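Now for the letters of each chain:
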Amino acid sequence: MKRQKTNSMTPIAAILFGYFMTCACADGVADVVLSCDLVEEGVGLGGMGGGAAFTRTPATLALRDVAVTADESLKAITPFMPPRTPDPDLLLFETGVSSPEIPNAEVLLHADCNEQEVMCEISRYSPRGSQEGSDPAYFMVSLGVEGVDLSASLILQTVTVEKNPSTLIQSKLGLPLSPSGTLLTEVIFLVFSHITSVSVPLRGDVLLNCGFRQQNTPLSQEVGVEWRLQHRGKGRKVLEMQTRLDDAEENTVVNEERTGSSMDVAQVVAEGNVSLSLTQLKVLDEGTYICTVSLGHFHAQQVIQLHIVQPPHVSLSQETLVLKSPQTLACHCSKYYPLDSQIEWFYLSPADTEPAASPDSGSLSSHRQHGDGTYSLSSQLTVPTGVAPGTKVICRVSHLTLDAPVSVSALVKPPEPESYWYVLGFLVITVLFFYQVMK
Ligand SMILES: *[C@@H]1O[C@H](CO)[C@@H](O)[C@H](O)[C@H]1NC(C)=O
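This structure is a prediction, so every number in the text was calculated from the model and none was measured.

## Considerations on the overall build of the chain
- Secondary structure summary: the chain contains five helices and 28 strands in total.
- In the chain, which comprises 439 residues, the share counted as buried stands at 42%.
- Here the analysis covers contacts within the chain between residues at least 6 apart in sequence; of these, 65% occur between residues at least 24 apart.

## Let's talk about the site of the ligand
- Residues in contact with the ligand, as listed here, are Phe 192, Leu 207, Asn 209, Cys 210, Gly 211, Gln 267, Asn 273 and Ser 275.
- Between the ligand and the protein, one listed contact pairs an oxygen atom with a side-chain N or O atom of Asn 209 at 3.2 Å.
- In the model, an oxygen atom of the ligand is placed 3.1 Å from a nitrogen or oxygen of the Gln 267 side chain.
- Out of a free accessible area of 360 Å², the ligand has 62% covered by protein chains.
- For the shell around the ligand, the per-class residue count stands at three nonpolar, five polar and no charged.

## Observations regarding the sheet that holds strand 15 (residues 261-262)
- Taken in spatial order, the three strands of this open sheet run 10-16-15, and their pairing is antiparallel. Only two strands of the sheet have a single partner each, and these edge strands are strand 10 (206-208) and strand 15.
- In this structure, strand 10 lies alongside strand 16 (residues 276-278), joined through three bridges in antiparallel fashion. By the bridge assignment, Val 206 is partnered in strand 16 with Leu 278.

## Overview of the sheet that holds strand 27 (residues 392-399)
- An order of 20-28-27-22-23 is seen for the five strands of this open sheet, with the pairing classed as mixed. Looking along the sheet, the strands with just one partner apiece sit at the ends: strand 20 (320-322) and strand 23 (356-357).
- Bridge count for strand 27 against strand 28 (residues 406-413) is six bridges, and the pairing is antiparallel. Across the sheet, the residue bridging to Ile 394 is Ser 409, located in strand 28.

## Topic: the state of the cysteines
- If you walk through the whole model with that rule in mind, you get three disulfides.
- Put simply, Cys 331 and Cys 395 are joined by a disulfide, and their sulfur atoms are 1.9 Å apart. Here the disulfide of Cys 331 and Cys 395 is left-handed, its torsion about the S-S bond being about -75 degrees. With a gap of 64 residues between them, Cys 331 in strand 21 (residues 327-336) and Cys 395 in strand 27 connect regions that are remote in the sequence.
- Cys 331 sits in the buried class, given a relative accessible area of 0%.
- Using a relative accessible area of 0% as the deciding quantity, one classes Cys 395 as buried.
- In the chain, numbering the disulfide-bonded cysteines from first to last in sequence yields the connectivity 1-2, 3-4, 5-6.
- In this model Cys 333 remains outside any disulfide bridge; the closest cysteine sulfur is found in Cys 331, 6.8 Å from its own.

## Regarding the nonpolar core
- Residues Phe 189, Phe 212 and Trp 227 are the most contacted members of the largest nonpolar core, which totals 61 residues.
- Considering each element in turn, this core owes the most residues, five residues, to strand 18 (residues 298-309).
- Those residues in contact with Phe 212 that lie beyond four places of it in its chain are Phe 189, Leu 190, Val 191, Phe 192, Val 223, Leu 245, Val 268, Glu 271, Gly 272, Val 274, Val 293 and Leu 295.
- Counting 39 residues, the second largest nonpolar core, distinct from the first, contains Ala 30, Val 97, Leu 109 and Cys 120.

## Overview of the side chain of Gln 157
- Secondary-structure assignment places Gln 157 in strand 7 (residues 151-158).
- Engagement of the side chain of Gln 157 in a polar contact is seen with the side chain of Tyr 138, the distance being 3.1 Å.
- Setting aside residues up to four positions removed in sequence, Gln 157 forms contacts with Pro 136, Ala 137, Tyr 138, Leu 184, Thr 185, Glu 186 and Ile 188.

## Things to note about the packing of aromatic side chains
- Applying the stated criterion across every chain yields a total of seven aromatic pairs.
- Between the aromatic rings of Tyr 125 and Phe 298, the centroid separation amounts to 6.2 Å while the plane-to-plane angle is 15 degrees, which identifies the pairing as stacked. Taken as a pair, Tyr 125 in strand 5 (residues 117-125) and Phe 298 in strand 18 lie far apart in primary sequence, 173 residues in all. Phe 298 shares its class with Tyr 125; the two are buried.
- A ring pair is formed by Phe 433 and Phe 434, whose centres lie 5.7 Å apart and whose planes are at 80 degrees; its orientation type is edge-to-face.
- Put simply, the rings of Tyr 125, Tyr 138 and Phe 298 pair up and form one aromatic cluster.
- Above the face of the Phe 346 ring, Arg 396 is positioned so that its terminal group lies 4.2 Å from the ring centre.

## Here we look at the pairing of strand 27
- By the criterion of burial, strand 27 is predominantly enclosed, with six of the eight residues buried.
- If you look at the hairpin formed by strand 27 and strand 28, you'll find six residues sitting between the two strands.

## Remarks on the confidence of the model for the chain
- A residue-level look at the chain finds 87% of positions with pLDDT of 70 or above and a mean pLDDT of 86.
- Across residues 1-26, confidence stays below pLDDT 50; counting only partners more than four residues off in sequence or on other chains, it has 61 contacts.

## Some details on the pattern of salt bridges
- Scanning the model with the defined rule gives eleven salt bridges in all.
- One salt bridge connects Glu 121 with Arg 56, and the closest N-O pair in it is separated by 2.9 Å. You can see Glu 121 sitting in strand 5 and its partner Arg 56 sitting in strand 3 (residues 54-67), a full 65 residues away along the chain.
- Taking relative accessible area as the criterion, Glu 121 reaches 11% and is therefore assigned buried.
- Given the relative accessible area of 38%, Arg 56 is considered partly exposed.
- Measuring nitrogen to oxygen at the nearest pair gives 2.8 Å for the salt bridge that ties Glu 94 to Arg 64.

Conventions used here
Residues numbered from 1 in each chain as written. Predicted model: local features only at pLDDT ≥ 70, side-chain atom pairs only at ≥ 80, totals over all residues. Heavy atoms only, no water. Helix = DSSP H or I, 4+ residues; strand = E, 2+ residues; numbered from the N terminus. Buried < 20%, exposed > 50% of the residue type's maximum accessible area, 1.4 Å probe, protein only. Contact = heavy atoms within 4.5 Å. Near = heavy atom within 4 Å. Polar contact = N/O pair within 3.5 Å; in protein donor to acceptor, adjacent residues only side chain to side chain. Areas by Shrake-Rupley, 256 points an atom, 1.4 Å probe, with all protein chains shown as cover. Nonpolar A, V, L, I, M, F, W, Y, C, P; charged D, E, K, R; others polar. Pairing = 2+ DSSP bridges. Disulfide = S-S within 2.5 Å. Core = buried A, V, L, I, M, F, W, Y, C linked by side-chain atoms within 4.5 Å. Phe/Tyr/Trp six-rings, centres within 6.5 Å; stacked < 30°, edge-to-face > 60°. Lys NZ or Arg CZ within 6 Å of the ring centre and 35° of its normal. pLDDT = per-residue confidence, 0-100. Salt bridge = Lys/Arg side-chain N within 4 Å of Asp/Glu carboxyl O.

Written as structure tokens, this is what we have:
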């Protein structure tokens with residue numbers, strides 16, 4: 001998918017923004033103008049290797065009446081103004097989004113100020129069972145904002161334009177334009193999520209967020225929800241549900257393919273909340289979750305990445321070292337996930353304040369994978385006799401789950417005092433023994 005900055009808009013959108021910077025939007029709605037791509041499957045490109053080719057054409061999407069909370073920073077936002085002279089070559093989608101609302105859509109406004117990338121793709125959409133070229137026409141819009149929790153798929157339906165001799169026809173789509181030169185559409189159905197990616201500890205629980213909205217005049221009372229998991233080319237169904245919005249009690253069928261997965265039917269019916277709850281997460285639960293909501297002839301999806309994380313437990317084979325001969329020290333890094341980790345060795349001598357990297361980087365064992373999918377790794381370092389007493393031998397472990405590397409250390413002890421005390425102790429006992437015997 002192509003990503004682009006909202007501040008590098010197509011010229012038309014830039015002009016639209018640039019011209020009318022004085023309006024205040026006091027009544028809690030604002031217009032958002034996004035630069036998008038119209039994505040179409042390529043035609044006439046056969047014989048080029050057989051892969052599906054897509055063509056992209058710049059398009060503009062004007063979302064009208066986006067609900068916003070009263071906010072000073074929105075004072076400068078302008079209502080959308082169509083171009084002065086309608087142009088049949090422009091792809092200018094105009095859509096009212098007050099009903100149904102796009103939840104959290106105001107982040108689209110702020111994205112522009114914060115220079116966050118907005119991903120916006122428009123493609124043609126055919127409801128199930130519909131005929132090619134039938135009226136009205138449908139489009140699917142995929143929206144996402146970088147670094148912000150908003151992602152949505154909208155289904156747009158064209159609004160019938162009364163045709164008269166002066167009606168312009170959009171040159172690429174063959175659809176009649178409104179008198180102001182826009183393709184008038186309305187959002188009839190949308191599926192959204194507040195998260196696109198989530199990391200959860202092993203054995204933890206998670207709620208994967210997904211919801212839908214439909215027009216005031218419902219497209220259908222029958223709702224189907226399917227959650228699938230896709231990982232490394234393999235897919236499986238996690239949970240499937242069919243219900244009726246007007247009578248859920250009598251008509252709900254839930255098929256729970258993964259134990260410990262659930263959806264709240266009351267929330268589905270009352271709020272269009274089809275979030276999936278997963279408990280006791282395992283490494284095998286990791287992957288791409290696809291939430292598909294079907295409503296009558298329409299269906300739309302959201303995708304959420306679930307990552308399982310487990311920080312390593314780090315330990316050393318010894319806490320102290322006495323170097324009469326070279327000693328082997330092992331650093332164990334156990335039961336972590338995912339695989340990538342790094343073990344480094346350092347020496348910190350009493351005279352220094354900063355540890356110095358060991359010239360010998362140690363020898364790594366191979367990764368071991370446990371039954372629960374977690375990994376363990378060890379590194380062995382041979383500590384030479386030349387290392388001064390009082391020096392700390394440090395093992396430092398880095399892993400994705402750790403904000404800062406974890407260090408554990410062993411202290412090099414001088415050999416003499418210990419043997420001295422040992423000899424002294426032995427002498428004292430011997431003397432006491434003979435003293436007792438002599439008595
Ligand atoms: C669904 O409900 C949960 C609370 O039960 C909430 O945290 C979540 O944001 C809701 N999601 C949607 C999409 O409404």
